[in-house]
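Here is what each chain is made of, one letter per residue.
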Amino acid sequence: MDQFKRENPDKEAHEYQTRLDETYRRIGQLYNEATFYQVVIVQEVKDLLQTFPAPGLEI
């Protein structure tokens, strides 16, 4: 967003809103891509925790 503001200082410019929309779209894509790894890590931790015996639940 900082880069966008530096490159587009005139809010009245013809292409300002189009460029702003595209910037927000790219930010959203980066956010979604960056959080995908969390799902994988949580699943791996769950799988790992299931390998440990639970005290008092020995069968």
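This text gives an overview of the structure that appears in the document. (Residues numbered from 1 in each chain as written. Predicted model: local features only at pLDDT ≥ 70, side-chain atom pairs only at ≥ 80, totals over all residues. Heavy atoms only, no water.)

The helix and strand inventory of the protein stands at 2 helices and 0 strands. A globule of 59 residues ought to have a C-alpha radius of gyration of about 10 Å, yet the protein, at 23 Å, is considerably larger. For the protein, the C-alpha atoms occupy an extent of roughly 70 × 15 × 10 Å along the three principal directions. By element, 58% of the accessible surface of the protein is carried by carbon and sulfur atoms, the whole surface being about 5700 Å². Of the charged side chains in the protein, 7 are positive and 11 negative; the average position of the first set lies 7 Å away from that of the second. (Helix = DSSP H or I, 4+ residues; strand = E, 2+ residues; numbered from the N terminus. Rg over C-alpha atoms; globule rule 2.2 N^0.38 Å. Areas by Shrake-Rupley, 256 points an atom, 1.4 Å probe, with all protein chains shown as cover. Lys, Arg positive; Asp, Glu negative; His and termini not counted. Charge placed at Lys NZ, Arg CZ, Asp CG, Glu CD.)

Before going further, it helps to spend a moment on the environment of Asp10. Within the fold, Asp10 resides in the loop between helix H1 (2-7) and helix H2 (16-49). Considered as a pair, Asp10 and Arg26 are 16 residues apart in the sequence and their alpha carbons are 21 Å apart. A distance of 3.0 Å separates a polar side-chain atom of Asp10 from the backbone nitrogen of Glu12. (Polar contact = N/O pair within 3.5 Å; in protein donor to acceptor, adjacent residues only side chain to side chain.)

With the rule as written, the count across this model stands at 2 salt bridges. Glu22 is paired through a salt bridge with Arg25; the nearest N and O atoms lie 3.1 Å apart. A residue pair is termed a helical-turn pair when its members lie 3 or 4 positions apart in one helix, as Glu22 and Arg25 do in helix H2 at 3 residues. The class of Arg25 is partly exposed, set by a relative accessible area of 47%. In this structure Glu22 comes out as partly exposed when scored by relative accessible area, which is 34%. Through salt bridges with shared partners, a single ionic network connects Glu22, Arg25 and Arg26. (Salt bridge = Lys/Arg side-chain N within 4 Å of Asp/Glu carboxyl O. Buried < 20%, exposed > 50% of the residue type's maximum accessible area, 1.4 Å probe, protein only.)

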